[in-house]
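Listed here are the chains, written in short residue letters.
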Amino acid sequence: MARITASVYTSHVPAIGAALDLGKAQEPYWQPLFAGYDYGKEWIKEQKPDVIFLVYNDHATAFSLDFIPTFAIGTGAEYQPADEGWGPRPVPKVMGHPQLAAHIAQSVIQDDFDLTIVNKMDVDHGLTVPLSLMFGQPEAWPCAVIPFAVNVVQYPVPSGRRCFQLGQAIRRAVESFDGDLNVQIWGTGGMSHQLQGPRAGLINKEWDNAFLDRLIADPAGLAEVPHIDYVREAGSEGIELVMWLIARGAMSDVAGGPAPEVKQRFYHVPASNTAVGHLILENKQ
């Protein structure tokens, strides 16, 4: 059967993509950040995932305020990098996995989660920056990717509890797929940041690291944290962190298995105006 072997968590700051694309990764400002992903790059070469189920949020590229799905799964064969106003990033197109994506959609919808099915869309920095951080700058991404877009831009947004429960449904769906696939699930966005208003530039290191502690050791408790806590403590855009709970909910320990192994934990400020977090959890076989 297919199996989820690991979860990866990372911020998806657009300036990180720009730094890579413009050859600035080794500049003093950026070098400490990119060094935090060196371990992950080597780790993922060894893991060789067949498919990445990548949870991210669209930034008004595939969707606009005219149409805002809460949860949208990409079931297409390929996805082009989006033009976010200054041209598409110079990264490879993303190859999907329509068979597994369709199976997950069928299973999760029958598990009482209402998904929007998207057969064609472009993917923005929310999806491509995490790929760049973990794979560098290849001519082609080395595995298939299933985009899973979550609305964390326009209220109402899904609760942490709902996201955590959805992750569990995704794990059940993957494990019922008739095919031997090594699947990883990635949660992206965050960490603390606010882009506008009197608190623009807010970063809360203490809260971010407490979030990482609980994500590892107490994900069910963390899933009960209300939206107002994210907004108050981590800024208006800190609500993106509920997407990490989808990935965490898909790990085996949530279904009664052993606790995952922490392979990497990294935290860095600032990257532009955002706190960057990165975590790798590996399921024990």
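Keep in mind that this is a model prediction, so the values were computed, not measured.

A few words on the overall build of the chain. Of the regular secondary structure elements, the chain holds ten helices and ten strands. Against the globule reference of 19 Å for 285 residues, the chain gives a C-alpha radius of gyration of 17 Å, in line with a compact fold. Across its three principal directions, the C-alpha atoms of the chain cover 45 × 40 × 40 Å. Taken across its 285 residues, the chain has 56% of its residues classed as buried. Summing over all exposed atoms, the chain offers an accessible surface of approximately 11700 Å²; the carbon and sulfur share of this is 51%. A gap of 4 Å separates the mean positions of the 20 positive and 32 negative side-chain charges of the chain.

Turning next to the nonpolar core. Generally speaking, a soluble globular protein has its nonpolar side chains buried in company with each other. Counting 56 residues, the largest nonpolar core has Phe148 and Ile246 as the members making the most contacts within it. Here the element with the most residues in this core is helix H6 (residues 160-175); it accounts for seven residues. In this structure, Phe148 is in contact with Phe53, Leu54, Val55, Tyr56, Phe71, Ala72, Ile73, Leu115, Leu166 and Ile246, ignoring residues within four places of it in sequence. Of all hydrophobic cores here, the second largest spans 39 residues; its members include Ala6, Val94, Val118 and Val145.

Sheet architecture is open: eight strands sit in the order E6-E3-E7-E2-E8-E1-E10-E9, paired in mixed fashion. Both edges of this open sheet fall to strand E6 (116-118) and strand E9 (261-271), since each of them pairs with a single strand only. Across this sheet, the average inter-strand angle for adjacent strands is 20 degrees, counted without regard to direction. Sheet analysis places strand E2 (residues 51-56) next to strand E7 (residues 144-150), joined by six bridges and oriented parallel. Paired with Val55 across the two strands is Phe148, which belongs to E7. Helix H4 (residues 98-110) contacts E2, strand E3 (71-74), E6, E7 and strand E8 (182-188) of the sheet and is inclined by roughly 150 degrees relative to E3. Packed on one face of the sheet, helix H10 (residues 242-249) meets strand E1 (3-10), E2, E3, E7, E8 and strand E10 (274-282) and runs near 160 degrees to E8.

A regular strand carries its side chains on alternate faces of the sheet. Summarising the sheet, E9 and E10 pair through eight bridges and their orientation is antiparallel. Along E10, the bridge assignment pairs Gln264 with Ile280. What sits between E9 and E10 in their antiparallel hairpin is a turn of two residues, with Ser272 showing a positive phi close to 60 degrees.

Next up on the list: the packing of H4 against H6. Between H4 and H6, whose axes approach to 9 Å, the crossing angle comes to 125 degrees. Classified by the angle their axes make, H4 and H6 are oblique. When you trace H4 past H6, the crossing you get is right-handed. Residues His103, Ile104, Ser107 and Val108 of H4 pack against Leu166, Ala169, Ile170, Ala173 and Val174 of H6. Here the contact of H4 with H6 is composed, by residue class, of seven nonpolar, two polar and no charged.

This paragraph deals with the pattern of salt bridges. Opposite charge on two side chains allows them to pair when their charged atoms are near. Summed over the entire model, instances satisfying the criterion amount to 13 salt bridges. The closest approach of N and O atoms between Lys45 and Glu42, which form a salt bridge, is 3.4 Å. A residue pair is termed a helical-turn pair when its members lie 3 or 4 positions apart in one helix, as Lys45 and Glu42 do in helix H3 (residues 38-47) at three residues. Take Glu42: its relative accessible area is 45%, and that puts it in the partly exposed class. A salt bridge links Lys263 to Glu261; the nearest nitrogen and oxygen atoms lie 3.4 Å apart. Its relative accessible area of 24% is what places Lys263 among the partly exposed residues.

Below, the discussion takes up the packing of aromatic side chains. Applying the stated criterion to the full structure yields 13 aromatic pairs. Relative to Trp186, the ring of Phe135 has its centre 6.1 Å away and its plane inclined at 25 degrees; by these criteria the two rings are stacked. Here Phe135 is found in helix H5 (residues 125-135), whereas its partner Trp186 is found in strand E8, with 51 residues between them in sequence. In this structure, Phe135 and Trp186 share a single accessibility class: buried. These aromatic residues form a ring-pair network of at least three members: Tyr9, Trp207, Phe211, Tyr230 and Trp244.

The rules behind these values
Residues numbered from 1 in each chain as written. Predicted model: local features only at pLDDT ≥ 70, side-chain atom pairs only at ≥ 80, totals over all residues. Heavy atoms only, no water. Helix = DSSP H or I, 4+ residues; strand = E, 2+ residues; numbered from the N terminus. Rg over C-alpha atoms; globule rule 2.2 N^0.38 Å. Buried < 20%, exposed > 50% of the residue type's maximum accessible area, 1.4 Å probe, protein only. Areas by Shrake-Rupley, 256 points an atom, 1.4 Å probe, with all protein chains shown as cover. Lys, Arg positive; Asp, Glu negative; His and termini not counted. Charge placed at Lys NZ, Arg CZ, Asp CG, Glu CD. Core = buried A, V, L, I, M, F, W, Y, C linked by side-chain atoms within 4.5 Å. Contact = heavy atoms within 4.5 Å. Pairing = 2+ DSSP bridges. Axes fitted to C-alpha atoms, helices over the stretch in contact; angles between N-to-C directions. Parallel < 35°, antiparallel > 145°, perpendicular 65-115°, else oblique. Left-handed = near helix turned anticlockwise from the far one by under 90°. Nonpolar A, V, L, I, M, F, W, Y, C, P; charged D, E, K, R; others polar. Salt bridge = Lys/Arg side-chain N within 4 Å of Asp/Glu carboxyl O. Phe/Tyr/Trp six-rings, centres within 6.5 Å; stacked < 30°, edge-to-face > 60°.

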